[in-house]
Number of protein chains: 2
Amino acid sequence: MPRQADHDQRRHQIAEAVWRLAARRGLEDVTLRQVAAEAGVSVRLIQYYFGSRDALLLKALEILNHDAQLRARARVEALDDANTPRGVVRGVLMEMLPMDEERRTRHLVHVAYFVRFLWDENLAPIAAEAPPELERLLADLITWGQREGQVPADLDPLPEAEILLATADGLQTTVLLRQRTPEQALALLDRQLDRLFSAAPAPTRTPAPTPTPESPEAP
Amino acid sequence: MPRQADHDQRRHQIAEAVWRLAARRGLEDVTLRQVAAEAGVSVRLIQYYFGSRDALLLKALEILNHDAQLRARARVEALDDANTPRGVVRGVLMEMLPMDEERRTRHLVHVAYFVRFLWDENLAPIAAEAPPELERLLADLITWGQREGQVPADLDPLPEAEILLATADGLQTTVLLRQRTPEQALALLDRQLDRLFSAAPAPTRTPAPTPTPESPEAP
DNA sequence: CTCTTATTGATACGATCGAACCATAACCGA
DNA sequence: TCGGTTATGGTTCGATCGTATCAATAAGAG
């Protein structure tokens, strides 16, 4: 077999160019020529690796999500308080916020694809899979918090998880529009978490929920 | 002066075509020819009324927002419980949810424009004005609720308003993606409102905040 | 009736799009 | 060394884009 290039690396390089263009100007500017220029390759190479433009958009999104999942998992596991329910919940929600350029680009790409999710049947399943997974994950973490006595036992974990996720998603929008800093959004999320993890942080099982008033926090 | 047409009506007709196309397929499909076909007019007419495509996109969005504000105000004022703080807050938040085709289209248009808000300096101010206004409005309503003794007095109205708005916005996303019905989203919002309006609904001033545990609710 | 002008329609032009085709350089097993 | 597969670049083609130009229509004032 003749000279072999690292296909995955090549594909990744081109996919990154797609992300940058989509985040900067929207899908309208993700043309084969622009992607080629941004990635520093020829148009022909993009066709060689991805085929059509539709396939490129699809693959670039798949690579983005795959990448994001790996990085997110690593970040959550590297948290200082990865052994407390609240710490992990906070870490997961922080992945919804554009805390750095990587996450900002990722979310902008998702916004750029958004309308397409609704009519492109190849893209639809990709958009559909993530949220239910995250809801279940958060619900499990809240249940863990209840077992640890940090979350009031009478709360329903799944709806609470759904609300947390929606709140983080809504905060994300404002951060992307630069109407809030990531830190301000995180402070609001912490306030919401204060309400959820309102029971006494007992080291042993304390099934008696003792509601405490939340502490005010500067936005 | 020769025959006169209703300019505003004409502009509105064309703007509606822009909205439908943007909501259906994204800004990529908002071409002059497509808009002309969708509105049932000629390309020349669009140029006559709006000039360039950029001006069309800008004007169509302005008309959308102007329309939306009128309709939203009318809907909120027509509410059954427009005389209670909670009722008005709920009404305002419902405007964030795609409760009908009109609001669904409106929010989809906003999503389609989203990335453009970040680099088109003509569009940026339009996106920037609405959220702070809504936050102040909701904060005032919460303060009203505190005066009525329905909202715990120790809560900070502005951050609470910000969280409510973010939650509604996040729920909106899932409804647009048809991962939730508007009714399910509204049920989650009501759960959040239960937590905020947790004091006794006293007809007279009851400044003593008595925290009560929230009642579970089916999603 | 007619003339003027607001309003609408059809067409043309240069640019750019996605896609396809052809050519060639790089590489490795034989 | 050589043959053939793999990887890359350059160019062309028809379609469609936004925009500009050229006409035609319709209606009210005189």
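In case you missed it, the structure is sitting above this.
Everything in this summary refers to the structure shown in the same document.

### Looking at the overall build of chain A
- Across its full length, chain A holds nine helices and zero strands.
- When the helices and strands of chain A are listed from N to C terminus, the series reads α-α-α-α-α-α-α-α-α.
- Counting only residues that meet the buried cut, chain A has 49% of its 219 residues in that class.
- When the accessible surface of chain A is split by element, carbon and sulfur atoms take 53% of a total near 10800 Å².

### A few points about the nonpolar core
- I14, V35 and Y113 of chain A together with V18, V35, I46 and Y113 of chain B are the most contacted members of the largest nonpolar core, which totals 72 residues.
- V35 of chain A has contacts with I14, A17, V18, L21, V30, I46 and L56 of chain A, leaving out every residue within four places of it along the chain.

### Focus: the relation of the copies chain B and chain A
- Superposing chain B onto chain A takes a rotation of 180° combined with a translation of 0.0 Å along the rotation axis, leaving an RMSD of 0.0 Å. Such a combination of rotation and displacement between the chain copies is what one expects of a two-fold axis.
- Residue by residue, 100% of the interface of chain B is reproduced at the interface of chain A, so both copies engage with the same surface.

### Some details on the interface of chain B and chain A
- Taken residue by residue, the interface counts 46 residues in chain B and 46 residues in chain A.
- Of the roughly 3900 Å² buried where chain B meets chain A, counting both sides, 60% is carbon and sulfur surface.
- On the chain B side of the interface with chain A, the three residues burying the most area are E28, F114 and V115 of chain B, jointly 15% of the side's total.
- Remark: the boundary between chain B and chain A carries 10 salt bridges.
- Measuring nitrogen to oxygen at the nearest pair gives 3.0 Å for the salt bridge that ties E160 of chain A to R195 of chain B.
- Seen at the junction of chain B and chain A, the total is 11 residue pairs in polar contact (both at pLDDT 80 or more).
- Along the lines of polarity and charge, the residues of the side of chain B that touches chain A split into 24 nonpolar, six polar and 16 charged.

### What about helix α7 (residues 124-147) of chain B?
Residues and elements named next belong to chain B.
- Here α7 spans 37 Å end to end across 24 residues, near enough to the 34 Å set by a 1.5 Å rise per residue.
- Looking only at α7, the buried set comprises I126, A127, E135, L138, A139, L141, I142, G145 and Q146.
- Following α7 by one or two positions, G149 has its phi on the positive side, about 80°.

### With respect to empty space enclosed by the protein
- This structure, assessed with the given rule, holds five cavities of 30 Å³ or more.
- What the largest cavity holds in volume is close to 70 Å³.
- Lining of the largest cavity is provided by R195 of chain A together with L155, E160, I163, L164, Q192, R195 and L196 of chain B.
- Among the elements of the structure, α8 (157-176) and α9 (182-196) of chain B are those that each provide at least two residues to the lining of the largest cavity.
- Across the lining of the largest cavity, the residue classes break down as four nonpolar, one polar and three charged.

### What to know about the pattern of salt bridges
Residue and element names in this part refer to chain B.
- Following the criterion strictly, the structure yields 40 salt bridges over all chains and no others.
- Salt-bridge contacts for R116 lead to D54; the nearest nitrogen and oxygen are separated by 3.7 Å. Taken together, the positions of R116 in helix α6 (residues 101-119) and D54 in helix α4 (residues 53-77) put the pair 62 residues apart, joining distant regions of the chain.
- Residue E62 is joined to K59 by a salt bridge in which the shortest nitrogen-to-oxygen separation is 3.6 Å. With a gap of three residues between them, E62 and K59 both fall in helix α4, about one helical turn apart.

### Some thoughts on unusual backbone geometry
Residues and elements named next belong to chain A.
- You will see that R178, though not glycine, has its phi angle at about 60°, which is positive.
- Mapping R178 onto the fold places it in the loop between α8 (157-176) and α9 (182-196).
- Under the relative-accessibility criterion, R178 is labelled exposed at 62%.

### Let's talk about the packing of aromatic side chains
- Taken as a whole and judged by the stated rule, the model has four aromatic pairs over all chains.
- Taking 5.3 Å as the distance between ring centres and 85° as the angle between the ring planes, the aromatic pair formed by Y48 of chain A and Y49 of chain A counts as edge-to-face.
- Take Y48 of chain A: its relative accessible area is 55%, and that puts it in the exposed class.
- Classification of Y49 of chain A as buried rests on a relative accessible area of 11%.
- On the basis of an interplanar angle of 25° and a centroid distance of 6.2 Å, the ring pair of Y113 of chain A and F117 of chain A is categorised as stacked. One end of the pair, Y113 of chain A, and the other, F117 of chain A, are both in helix α6 (residues 101-119), four residues apart, so they sit about a helical turn from each other.
- Take F117 of chain A: its relative accessible area is 9%, and that puts it in the buried class.
- Taking NZ or CZ as reference, R25 of chain A lies 3.9 Å from the ring centre of W119 of chain B, over its face.

### A closer look at the side chain of D190 of chain A
- Within the secondary structure, D190 of chain A sits in helix α9.
- A polar contact of 2.5 Å, which involves the side chain of D190 of chain A, links it to the side chain of R90 of chain A.

Procedures and definitions
Residues numbered from 1 in each chain as written. Chains lettered and ligands numbered in written order. Predicted model: local features only at pLDDT ≥ 70, side-chain atom pairs only at ≥ 80, totals over all residues. Heavy atoms only, no water. Helix = DSSP H or I, 4+ residues; strand = E, 2+ residues; numbered from the N terminus. Buried < 20%, exposed > 50% of the residue type's maximum accessible area, 1.4 Å probe, protein only. Areas by Shrake-Rupley, 256 points an atom, 1.4 Å probe, with all protein chains shown as cover. Core = buried A, V, L, I, M, F, W, Y, C linked by side-chain atoms within 4.5 Å. Contact = heavy atoms within 4.5 Å. Least-squares fit on C-alpha atoms with pLDDT ≥ 70 in both. Buried area = accessible area lost by both parts, 1.4 Å probe. Salt bridge = Lys/Arg side-chain N within 4 Å of Asp/Glu carboxyl O. Polar contact = N/O pair within 3.5 Å; in protein donor to acceptor, adjacent residues only side chain to side chain. Nonpolar A, V, L, I, M, F, W, Y, C, P; charged D, E, K, R; others polar. Expected span 1.5 Å × (residues − 1). 1 Å grid on protein atoms, 1.4 Å probe; cavity = no way out; pocket = protein on both sides within 12 Å on 5 of 7 lines; lining within 4 Å. Points joined across faces, edges and corners; volume = space filled by probe spheres on them. Phe/Tyr/Trp six-rings, centres within 6.5 Å; stacked < 30°, edge-to-face > 60°. Lys NZ or Arg CZ within 6 Å of the ring centre and 35° of its normal.

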